[in-house]
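A look at the structure
One-letter residues, chain by chain:
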Amino acid sequence: MVPLEVPKRRNGLTPPYTGPQIASWLFLLATIIHFVLFITPILPFEAAVALTAAFFVSVFFVFLYGMRAIAIDPIDDRLKKKILEERNGVIKSEGKFLDFIYRLYNGDGVKMQSVVVPEEETKHCWISDTTVAEHSMHCKYCGKSVANFDHHCMCKCGNVGSDLDPSPSVCSTSTTFVLA
């Protein structure tokens with residue numbers, strides 16, 4: 001059997017970073033600087049305090065849920081189990097910080113016993129050469145089969161739809177409030 005290639009990306013924090021992803025980070029930073037330097041000083045004091053507080057609460061939610069949306073690994077459980085079995089339970093480290101963030105949001109998913117494959121209908125992914133859940137789809141950008149695939153988001157450089165996670169929606173809503 002041909003060894004299974006390592007997926008290109010574990011999550012949105014895994015290099016290589018894309019232009020839209022970097023642009024979205026820089027745009028958020030520019031928006032914060034613009035608000036602090038140009039918007040806050042021209043407002044009456046009472047309004048400035050209230051709007052600045054609301055703005056930074058929205059920025060907090062953008063960061064919190066954006067980080068969660070980026071850090072989640074949406075890989076299909078069957079593909080994850082196959083990769084771990086072929087590598088004797090070892091997945092390449094990506095550095096202490098990225099491994100910490102991965103474990104924070106995904107649990108200790110690098111151990112074989114932590115991968116639980118639910119009973120459900122399956123199909124064969126010819127690209128990953130493995131059996132995956134019926135609702136999984138192969139993402140050409142991430143190079144792996146993704147559970148509950150909806151679409152690949154170029155700004156977070158990850159997939160949306162996995163496990164019905166609300167993080168991308170909350171992040172988008174918070175971003176709307178930041179920009180409003």
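Residues numbered from 1 in each chain as written. Predicted model: local features only at pLDDT ≥ 70, side-chain atom pairs only at ≥ 80, totals over all residues. Heavy atoms only, no water.

**Some remarks on the packing of aromatic side chains**
The tally for this structure, following the rule as stated, stands at 5 aromatic pairs. With centroids separated by 5.5 Å and ring planes inclined at 65°, the aromatic side chains of Tyr 17 and Trp 25 adopt a geometry described as edge-to-face. For Tyr 17, a relative accessible area of 36% corresponds to the partly exposed category. Given a relative accessible area of 37%, Trp 25 falls into the partly exposed group. Ring centres 4.0 Å apart and planes at 10° place the aromatic pair Phe 35 and Phe 55 in the stacked group. Taken together, the residues span a long stretch of sequence, with Phe 35 in helix H1 (residues 19–39) and Phe 55 in helix H2 (residues 45–71) at a distance of 20 residues. Pair check on accessibility: Phe 35 and Phe 55 agree, each one buried. (Phe/Tyr/Trp six-rings, centres within 6.5 Å; stacked < 30°, edge-to-face > 60°. Buried < 20%, exposed > 50% of the residue type's maximum accessible area, 1.4 Å probe, protein only. Helix = DSSP H or I, 4+ residues; strand = E, 2+ residues; numbered from the N terminus.)

**A closer look at the environment of Thr 52**
Residue position: Thr 52 is located in helix H2. The spatial distance from the C-alpha of Thr 52 to the C-alpha of Ile 39 is 9.2 Å, given a sequence separation of 13 residues. Among residues more than four places away in sequence, those in contact with Thr 52 are Phe 35 and Thr 40. At 3.4 Å, the side chain of Thr 52 forms a polar contact with the side chain of Thr 40. (Contact = heavy atoms within 4.5 Å. Polar contact = N/O pair within 3.5 Å; in protein donor to acceptor, adjacent residues only side chain to side chain.)

**Looking at a nonpolar patch on the surface**
A surface patch of nonpolar side chains, amounting to about 940 Å² of accessible area, comprises Tyr 17, Ile 22, Trp 25, Leu 26, Leu 29, Ile 33, Val 36, Leu 37, Phe 38 and Phe 56. Here the nonpolar patch gets 8 residues from one element, more than from any other, and that element is H1. (Patch = residues over 30% accessible without salt bridge, like charges linked within 9 Å, V, L, I, M, F, W, Y side chains within 5 Å. Areas by Shrake-Rupley, 256 points an atom, 1.4 Å probe, with all protein chains shown as cover. Salt bridge = Lys/Arg side-chain N within 4 Å of Asp/Glu carboxyl O.)

**Thoughts on the side chain of Asp 76**
With respect to the secondary-structure elements, Asp 76 resides in the loop between H2 and helix H3 (77–86). Among buried Asp, Glu, Lys and Arg side chains, Asp 76 stands out as unpaired, with Arg 78 the closest opposite charge at 4.6 Å. Look past the residues within four positions of Asp 76 in its chain and what remains in contact with it is Thr 131, Val 132, Ala 133, Ser 136, Ser 145, Val 146 and Ala 147. (Lys, Arg positive; Asp, Glu negative; His and termini not counted.)

**Comments concerning H1**
Helix length check: H1 (21 residues) gives 28 Å between terminal C-alpha atoms against 30 Å at 1.5 Å per residue, within 8%. Among the residues of H1, those classed as buried are Gln 21, Thr 31, Ile 32 and Phe 35. Angularly, the buried residues of H1 cover 90° about the axis, an arc narrow enough to put them on a single face. Turned more than 90 degrees off the buried face of H1, the exposed positions are Leu 26, Leu 37 and Phe 38. (Expected span 1.5 Å × (residues − 1). Arc of directions from axis to C-beta.)

**Topic: the confidence of the model for the protein chain**
The share of residues in the protein chain with pLDDT of 70 or more is 78%, and the mean pLDDT across the chain is 77. Taking the mean pLDDT of every element in the protein chain, the minimum, 71, falls on helix H5 (residues 167–179) and the maximum, 90, on H1. (pLDDT = per-residue confidence, 0-100.)

**Structural notes on the pairing of strand E1 (residues 122–125)**
In this structure, E1 lies alongside strand E2 (residues 130–133), joined through 4 bridges in antiparallel fashion. By the bridge assignment, Cys 125 is partnered in E2 with Thr 130. Hairpin geometry of E1 and E2 is characterised by an intervening segment of 4 residues between the two adjacent antiparallel strands and by a positive phi of about 55° at Asp 129. (Pairing = 2+ DSSP bridges.)

**Describing unusual backbone geometry**
Of note in the backbone geometry, Asn 148 takes a positive phi value of approximately 50° without being a glycine. The topology assignment puts Asn 148 in the loop between strand E4 (144–146) and strand E5 (151–153). For Asn 148, a relative accessible area of 25% gives the class partly exposed.

**Structural notes on the packing of H2 against helix H4 (residues 96–106)**
The geometry of H2 relative to H4 is characterised by a closest axis approach of 9 Å and an angle of 95° between their N-to-C directions. On the basis of their axis angle, the class for H2 and H4 is roughly perpendicular. Between H2 and H4, the contacting residues are Leu 64, Met 67, Arg 68 and Ala 71 on the first element and Ile 101, Tyr 102, Tyr 105 and Asn 106 on the second. (Axes fitted to C-alpha atoms, helices over the stretch in contact; angles between N-to-C directions. Parallel < 35°, antiparallel > 145°, perpendicular 65-115°, else oblique.)

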